[in-house]
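# What the coordinates show
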Protein chains: 2
Amino acid sequence: MPSMVEARFQSFDDLHTHTPVLARVVALRAELKRRGLDGFVVPRADRQQNECLPASEERLAWLTGFTGSAGAAIVLTERAAVFVDGRYAVQADSQIDKSMFAIEHLIENPPQQWLEQNLKSGARIGYDPWLHTSDSAEGLRKACATAGAELIPLDGNPIDALWTDRPAPPTGAVSLRAPEFAGEGVTSKALRVQAELGKLRADASVVSDPQNVAWLFNIRGADVPHTPLTLAFAIVPREGRPALYIDRAKLDNKVWHAIEEFATVRAPNELVRDLAQLKGKTIRLDQASAADALTRLIADNGGRPVSGSDPIALMKSVKNYAEIAGSRAAHKRDGVAMARFLAWFDAEAPTGRITEIDAVEALESFRRDSGLLKDISFPTIAGSGPNGAIVHYRVTRASNRAIAKDDLFLIDSGAQYEDGTTDITRTIAVGKPTEEMRDRFTRVLKGHIAIATAIFPEKTSGAQLDSLARTALWQAGLDFDHGTGHGVGSYLSVHEGPARISKLGTVALRRGMILSNEPGYYKTAAYGVRIENLMLVIAAPEPAGAERPINTFETLTLAPIDRRLIDTRMLTAKQRNWIDSYHARVQEMLDPLLDKATRAWLRAATKALGD
Amino acid sequence: MPSMVEARFQSFDDLHTHTPVLARVVALRAELKRRGLDGFVVPRADRQQNECLPASEERLAWLTGFTGSAGAAIVLTERAAVFVDGRYAVQADSQIDKSMFAIEHLIENPPQQWLEQNLKSGARIGYDPWLHTSDSAEGLRKACATAGAELIPLDGNPIDALWTDRPAPPTGAVSLRAPEFAGEGVTSKALRVQAELGKLRADASVVSDPQNVAWLFNIRGADVPHTPLTLAFAIVPREGRPALYIDRAKLDNKVWHAIEEFATVRAPNELVRDLAQLKGKTIRLDQASAADALTRLIADNGGRPVSGSDPIALMKSVKNYAEIAGSRAAHKRDGVAMARFLAWFDAEAPTGRITEIDAVEALESFRRDSGLLKDISFPTIAGSGPNGAIVHYRVTRASNRAIAKDDLFLIDSGAQYEDGTTDITRTIAVGKPTEEMRDRFTRVLKGHIAIATAIFPEKTSGAQLDSLARTALWQAGLDFDHGTGHGVGSYLSVHEGPARISKLGTVALRRGMILSNEPGYYKTAAYGVRIENLMLVIAAPEPAGAERPINTFETLTLAPIDRRLIDTRMLTAKQRNWIDSYHARVQEMLDPLLDKATRAWLRAATKALGD
């Protein structure tokens, strides 16, 4: 029951941070002056470009109070700005002191452009080369040059010099991923990486993305919330033993010995020393996560840094048999929790007595009942009525809203189980939905089905499929402003590259990749709709006369889609069949695993359309 | 009648060129040695990266005998290679002496990669900076650096030193485009360009793409086949008069005076001198067409070259009212010629007495009968049976094939009229098509209709629409290996950027753009199918509740689509309606303009499906 459970993995803290911004900005300006600088760039980033940051890396929040998951600040002598994207416009407005910072649009007026327009000729602008990729630093350098200013890499971040109560870096314990879940040993993975390095004519690769470190060494950690990452680097030479750079405090003896079987464990500060030895060598760096400091370090010591995609990214995205079996099992387990949640919600919501937070806590408790929940895979997005229209809504005690009759309720959540990561969104009608809601929901559903049933040749990218999710909305002059799908890790990041289904998804979809399918529709200040399942890329049956190998998707997620929101008249026969057969499969898979009441609820919820 | 007409705008010459390759390569190697070089890169390019080259610029063909429209060669001391793409594999095989040149795949093993693998450390490789964009030169430079070699810009192309009978550059007469066709004056266009330069913070722009020069000055020329271009450069300063760099011999007094009203006419060799004066100025260069020599020249003289898209490219692609009216008129005129051609073909082809060349000549003669044909817009592709499967087939006396019973016949052609440029492909059944042919044709048609009827929000790119043309083929394990559509000029290039409907078409489609819609299917050594119409991007009617401006297409091309090849059972009701209403419009628009026999033929060819 929701009033008796409490969420362990999610906090509902207010977004207001009571940051003493004035004092901090004044102190930063004094520190910059001391160093002979006219400005400093503060990205929301750590040394590995992680999406989830440990508290020790939240420099942007420390300085500005802004806690969104993307952004940057620039502090000049006389002015300062915070850059946030459209998702965070409202949050930025409430968190940022506008007497100290102008709020700028991260995409439409990005830091580079702002620098070009605001720098004086001759200005000296500092940046911390550990917190920017080389591409990012290069963009800033060009902008400074356009304004006749100079961009200067700093030794030591000026904020760290001022941040006296800065938390220590995390030292979460590292565990080994069991072979039955990992499906491939470290030796085999390392050999595959080394074969790629041979093709790329690189002498070694720096593995700077902790997701790739986790995959390569079959290790999981506890350094950031919701994703079992350990913050560590690795170097894979073209031949010989890889080295893992990690705080020894994170490894118990068993784990340490297991890793030492395949790799050399080194202290984090030895990374710089080791890279400095690689004179004359071609060193591959991950364009997306490697710090500019690494590029500079290698070049300064006579090595040849070459930037590109880390070959591990693609290998990791193609799941092996064990990972696929694990994901199927995880989705069945998660489907049970979702069925229990949806049945509970259908019973409780119409009473008007439950809130968004109640729903979040109930869902987490149903997942915990499995006994296997390691964490939620991200803070649950539970938006009723107008809150549903906020794409990245996180409920707080302040924003928490009672779920009202005739609301739409959007809930986007996921679980971390040792065998797999889940991510699911359902939109539920409380009371009687309007005709417009049913029209919008059905258009979103048509898009979801178009993706789920797509058949496409090998080498097709996610970008080529994205519009299939939109045409039913486009015809009504509607759309949604996010991608259709992202890659998902195997007991790893819920957002995993390199493939995605979006305008920007240029990577070819391969058999074994797991991606989300989550078209939506958002009516500002009214309601939101999103329908999300995870899918596995599989071979499609080859019709007679086929000339090219073709692929399609297997839907992994098992939970009913709210039939009350479907306007059956808007569906083609094929679309109706898809819904009915999906529901039949959900019912068949989950039925044996449910208590009697939930089973009855599920049978009703998965009836054929029109029944 | 075909036997009495002759094509004036197309030649059917054999592709075999009798080039004395051995002597030329030997001479080039001697010349390189004399200059202290170990190799030289020969792109198929002129100083403006034109698609159609004048004879004086055909250095690749002079050296290698290869006459395809894309390619490059590299000559080293001990080896040499020609790089061609998949379209030209067969042609390259017949034209290139493989004892002199290895044939490499332009995309899969491009020159950069080949250089990395074949250069010796310390090698000095020359390139002509006038024939490469800066991006291309940069790619070669990196490849040379990887191999420890050096890329050296040359003063004077070594081939020009050897090519004793090199034709003079063309001096085709320039004409003014009449205001009723151009629709906007030079002053207005120049002001719009200057406003963009202000936004881009550029002091001036070098207009290096002759298509953009033609648009800006409302001039047309006769320097290359099939496209009314004059090879000329321009400089547009942020304020003041533009300068046009052109051979005075191309201008009669009337044209010269007309241009001098808005611009200063300068001799071609004054471009270099004038650019050298722009010390301290920010000069915008067109990334796609500006020679690396321009970048170097500006930088060497203390200016700041900034590479990006020429703002004219986008302006030119959005047609104004006069250009749209002109295109509609041109398509009506072209539709008459197409109807006469198709009627003639239906009568003649079953006799077995006509050939591909007869068809090309007949179609050109029907177009010439309009009295307004300026040129064909490209060499007609007329492929019967297996020749239809060669996407860029050009019939020669040697390849010419009699059109046989039960062939499919693919004809892709276009016209240059003063009011507009056309481009149309039809696939015609001779005798009885097989079930497979009808299945493939109908799938291609479904893709064509999906594009023609697409409704999409403002800012949607061609890349987002491309897959709509393919899903019906994908479902059968089929696809086609070219883009779905390209931009088309207004009495200008039949391939016009920057928008296109293809995986690579990242530019947003805007109202007023004209694009082709040409999905296809090719069964090697058997037959080819392609259905191509030109379309205009227009506003779509806004449904109630629409939240975003939406666009759709108006089909401009007017010619029946072969009903005998349509398997009506495979079409949805909406698709059948589209064909029927398209055919009704074709019939209604062309009927009053036709002779009696063609009129009767057209009535039958445009009957409703199932009638």
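Before reading on, note that the structure itself is shown above.
We now turn to the structure provided with this report.

Here is what the cut-offs are and how they apply
- Residues numbered from 1 in each chain as written.
- Chains lettered and ligands numbered in written order.
- Predicted model: local features only at pLDDT ≥ 70, side-chain atom pairs only at ≥ 80, totals over all residues.
- Heavy atoms only, no water.
- Buried < 20%, exposed > 50% of the residue type's maximum accessible area, 1.4 Å probe, protein only.
- Helix = DSSP H or I, 4+ residues; strand = E, 2+ residues; numbered from the N terminus.
- Pairing = 2+ DSSP bridges.
- Core = buried A, V, L, I, M, F, W, Y, C linked by side-chain atoms within 4.5 Å.
- Contact = heavy atoms within 4.5 Å.
- Axes fitted to C-alpha atoms, helices over the stretch in contact; angles between N-to-C directions.
- Buried area = accessible area lost by both parts, 1.4 Å probe.
- Salt bridge = Lys/Arg side-chain N within 4 Å of Asp/Glu carboxyl O.
- Phe/Tyr/Trp six-rings, centres within 6.5 Å; stacked < 30°, edge-to-face > 60°.
- Lys NZ or Arg CZ within 6 Å of the ring centre and 35° of its normal.
- Least-squares fit on C-alpha atoms with pLDDT ≥ 70 in both.
- Parallel < 35°, antiparallel > 145°, perpendicular 65-115°, else oblique.
- Left-handed = near helix turned anticlockwise from the far one by under 90°.
- Nonpolar A, V, L, I, M, F, W, Y, C, P; charged D, E, K, R; others polar.

## Observations regarding the pairing of strand S8 (residues 204-207) of chain B
Residue and element names in this part refer to chain B. The alternating pattern of S8 places Ala204 and Val206 and Ser205 and Val207 on opposite faces, both of which are buried. With three bridges connecting them, S8 and strand S13 (residues 282-286) associate as parallel partners. Within S13, the residue paired with alanine 204 across the bridge is isoleucine 283.

## Examining helix H12 (residues 292-300) of chain A
Along H12 of chain A, the residues classified as buried are Asp292, Ala293, Leu294, Leu297 and Ile298 of chain A. Looking one or two places after H12 of chain A, you find glycine 302 of chain A, whose phi comes out positive at around 80 degrees.

## Quick look at the nonpolar core
Phe341, Phe345 and Phe553 of chain A together with Phe341, Phe345 and Phe553 of chain B are the most contacted members of the largest nonpolar core, which totals 160 residues. Not counting residues within four places of it along the chain, the set of residues in contact with phenylalanine 553 of chain A comprises Ile451, Ala452, Ala454, Phe456, Leu465, Ile501, Leu509, Leu515, Met535, Leu536, Val537 and Ile538 of chain A. Judged by nonpolar contacts, the second largest core, of 26 residues, contains Val84, Ala92, Met100 and Leu154 of chain A.

## Remarks on the sheet that holds strand S6 (residues 150-153) of chain A
Residue and element names in this part refer to chain A. In space, the six strands of this open sheet follow the order S4-S3-S2-S1-S5-S6, with mixed pairing throughout. With one partner strand each, in any of the chains shown, strand S4 (102-105) and S6 form the two edges of the open sheet. The average undirected angle you get between the axes of adjacent strands in this sheet is 25 degrees. In the sheet, strand S1 (residues 39-43) pairs with strand S5 (residues 124-127) via two bridges, with the strands oriented parallel. Along S5, the bridge assignment pairs phenylalanine 40 with glycine 126. Lying over the sheet, helix H1 (residues 21-34) contacts S1, strand S2 (72-76) and strand S3 (80-84), oriented at roughly 60 degrees with respect to S2.

## A word on the interface of chain A and chain B
Counting from both sides, the interface comprises 31 residues of chain A and, opposite them, 31 residues of chain B. Summed over both partners, the interface of chain A with chain B comes to about 2,600 Å²; 50% of that surface belongs to carbon and sulfur atoms. In terms of surface lost to chain B, no three residues of chain A exceed Gln464, Trp474 and Arg548 of chain A, which account for 24% of the buried area on that side. Inspection of the region where chain A meets chain B yields two salt bridges. The shortest N-O distance in the salt bridge between arginine 548 of chain B and aspartate 481 of chain A comes to 2.9 Å.

## Here we look at the packing of aromatic side chains
All names here are of chain A. Tallying each qualifying case throughout the model produces 21 aromatic pairs over all chains. In this structure, arginine 47 is placed above the aromatic ring of tryptophan 130, and the distance from its NZ or CZ to the ring centre is 4.2 Å. In this structure, arginine 248 packs its charged tip against the face of tryptophan 256, placed 4.0 Å from the ring centre.

## Regarding the relation of the copies chain A and chain B
With an axial shift of 0.0 Å and an RMSD of 0.0 Å, the rotation relating chain A to chain B amounts to 180 degrees. The relationship between the two copies is best expressed as a two-fold rotation axis. When C-alpha positions in chain A are compared against the rotation axis, the closest is assigned to glutamine 464 of chain A, at 3.3 Å. Comparing contact sets, 100% of the residues at the interface of chain A also lie at the interface in chain B, consistent with an isologous, same-surface contact.

## Quick look at the packing of helix H19 (residues 573-590) of chain B against helix H20 (residues 596-605) of chain B
All names here are of chain B. Axis separation between H19 and H20 bottoms out at 9 Å; the angle between their running directions is 165 degrees. The angle between H19 and H20 falls in the class roughly antiparallel. Regarding H19 and H20, the two cross each other, and that crossing is left-handed. Along its contact with H19, which presents His583, Val586, Gln587 and Leu590, the element H20 presents Leu602, Arg603 and Ala605. In the contact of H19 with H20, the residues fall into four nonpolar, two polar and one charged.

## Looking at the packing of helix H14 (residues 321-348) of chain B against helix H15 (residues 356-368) of chain B
All names here are of chain B. H15 packs onto H14 with a crossing angle of 145 degrees between their chain directions and a minimal axis gap of 8 Å. Crossing hand, H14 versus H15: right-handed. Only Asp358, Ala359, Ala362, Leu363, Phe366 and Arg367 of H15 make contact with H14, whose side of the interface consists of Asp334, Ala337, Met338, Arg340, Phe341 and Trp344. Residues that form the contact of H14 with H15 fall into these classes: eight nonpolar, no polar and four charged.

## Some details on the sheet that holds S13 of chain B
Residue and element names in this part refer to chain B. Strands sit in the order S12-S11-S10-S8-S13-S14 across an open sheet of six strands; the sheet is mixed. With one partner strand each, in any of the chains shown, strand S12 (264-266) and strand S14 (304-308) form the two edges of the open sheet. The mean angle between the axes of side-by-side strands here comes to 25 degrees, regardless of whether they run parallel or antiparallel. Both S13 and S14 contribute to a ladder of five bridges, which runs parallel. Its bridge partner lying in S14, leucine 285 is registered against serine 307.

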